[in-house]
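What follows is each chain in one-letter form.
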Amino acid sequence: MLLAGMVGSNIGWRPAPYVAAPAGMAELAAGLLWIDDHTAIVPGISTLVNGRPDVMRGEEVQLLGAVAAGLVPADSLLAQPGTHCKWVEMRDGRIADFVTAMTGELFALLRKHGLLAAQLGSEVSLGDAFREGVEDGKRQDLAASLFGIRAAKMLGQRDDADAASYASGLLIGTDVAARLASSAHDAVHILADPILGGLYSAAIQAHGRNAYLIDSHAAFVAGINEIVKQ
């Protein structure tokens, strides 16, 4: 039995050491933490490119599995939206470097705490308000743009029914703008469910890049099976 993700963290079952990027399936298989003769935890991956620390656990199985299954090219830019969005540079089918953005967690915190919480109760939808947020996110002036949600209410410029969609577009748009500014890839492959993946696809397309939605569950299964083969 192979396990991956936070089960191998310092708050999980048993800490599984990180493998340093660049890393591929061979490094993951060699770094398995064996609990007993039949059970092992897949190691996470770390990076210190340009002195910037980052880590992942669990996502590495999806990422490398997507390549192994032919779902994404061996050289590509991948995005894994969620509470902590991963942006991953794949080279020769291996994880070369990555960045984690706390996009989803920031949105959740804004909805529960602080000045904007009362305005952000509506469901997020892919409409004009979301796309407006994405456009404003291109300025990458997140702190000021967030206060603009409050100001728009006070001045009657935006209905609160659209505030959550705008805020989501703003956060995702800022995230996407920052990552694409330093990437030469003309496409991003997104490992996510159709709803969240659709929001990221719209933001990426707003920057003139192509977006392709990948089945993250199929990628994970492919990754686990490939580790077994290794």
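Here the structure is shown first, and the text comes after it.
Residues numbered from 1 in each chain as written. Predicted model: local features only at pLDDT ≥ 70, side-chain atom pairs only at ≥ 80, totals over all residues. Heavy atoms only, no water.

Undergrad: What's the story with the pattern of salt bridges in this structure? I'm lost.
TA: Think of it this way: side chains of opposite charge can pair up when their charged atoms draw near. Here the structure, examined in full by the defined rule, presents nine salt bridges. When the shortest N-O distance is used, the salt bridge between aspartate 54 and arginine 52 registers 3.7 Å. Within this structure, Arg52, Asp54 and Asp97 form a network of salt bridges that share partners. (Salt bridge = Lys/Arg side-chain N within 4 Å of Asp/Glu carboxyl O.)

Undergrad: So what exactly am I meant to see when it comes to the packing of aromatic side chains here?
TA: Remark: the centre distance and the inter-plane angle together describe each pair of aromatic rings, the angle taken between the planes. Under the counting rule described, the total for this entry stands at one aromatic pair. When the centroid spacing of 6.3 Å and the interplanar angle of 50 degrees are considered together, the rings of tryptophan 87 and tyrosine 200 count as tilted. Within this pair, whereas tryptophan 87 is found in strand E8 (residues 85-91), its partner tyrosine 200 is found in helix H7 (residues 194-205), the two being separated by 113 residues in sequence. Residue classification places tyrosine 200 among the buried positions, given a relative accessible area of 2%. Over the face of the ring belonging to tyrosine 18 we find arginine 57, whose NZ or CZ atom lies 4.2 Å from the ring centre. Here the guanidinium or amino end of arginine 158 rests over the ring plane of tyrosine 166, the centre of that ring lying 3.7 Å away. (Phe/Tyr/Trp six-rings, centres within 6.5 Å; stacked < 30°, edge-to-face > 60°. Helix = DSSP H or I, 4+ residues; strand = E, 2+ residues; numbered from the N terminus. Buried < 20%, exposed > 50% of the residue type's maximum accessible area, 1.4 Å probe, protein only. Lys NZ or Arg CZ within 6 Å of the ring centre and 35° of its normal.)

Undergrad: Would you mind going over the sheet that holds strand E6 (residues 54-56) with me for this structure?
TA: Read from one edge to the other, the open sheet built from three strands follows the order E2-E5-E6, with strand pairing classed as mixed. This sheet does not close on itself; its edge strands, each paired only once, are strand E2 (19-20) and E6. Where strand E5 (residues 45-47) lies against E6, three bridges are found, and the strand directions are antiparallel. In the strand pairing of E6, serine 46 is matched with valine 55. (Pairing = 2+ DSSP bridges.)

Undergrad: Can you walk me through a nonpolar patch on the surface in this structure?
TA: On the surface, a nonpolar cluster with roughly 260 Å² of combined accessible area is contributed by Met102, Leu106 and Leu109. For leucine 109, the position within the fold is in helix H3 (residues 103-112). Looking at leucine 109, the relative accessible area reads 43%, which means it is partly exposed. (Patch = residues over 30% accessible without salt bridge, like charges linked within 9 Å, V, L, I, M, F, W, Y side chains within 5 Å. Areas by Shrake-Rupley, 256 points an atom, 1.4 Å probe, with all protein chains shown as cover.)

Undergrad: It is not clear to me how helix H4 (residues 128-137) should be interpreted in this structure. Could you clarify?
TA: Every α-helix winds through 3.6 residues per turn, so residues three or four apart in the chain are directed the same way. When H4 is considered as a whole, its buried residues turn out to be Ala129, Phe130, Gly133, Val134, Asp136 and Gly137. End-on, the buried residues of H4 take up no more than an arc of 165 degrees, which puts them together on one face. At its buried positions, H4 is contacted by helix H5 (142-154), helix H6 (163-180) and H7. (Arc of directions from axis to C-beta. Contact = heavy atoms within 4.5 Å.)

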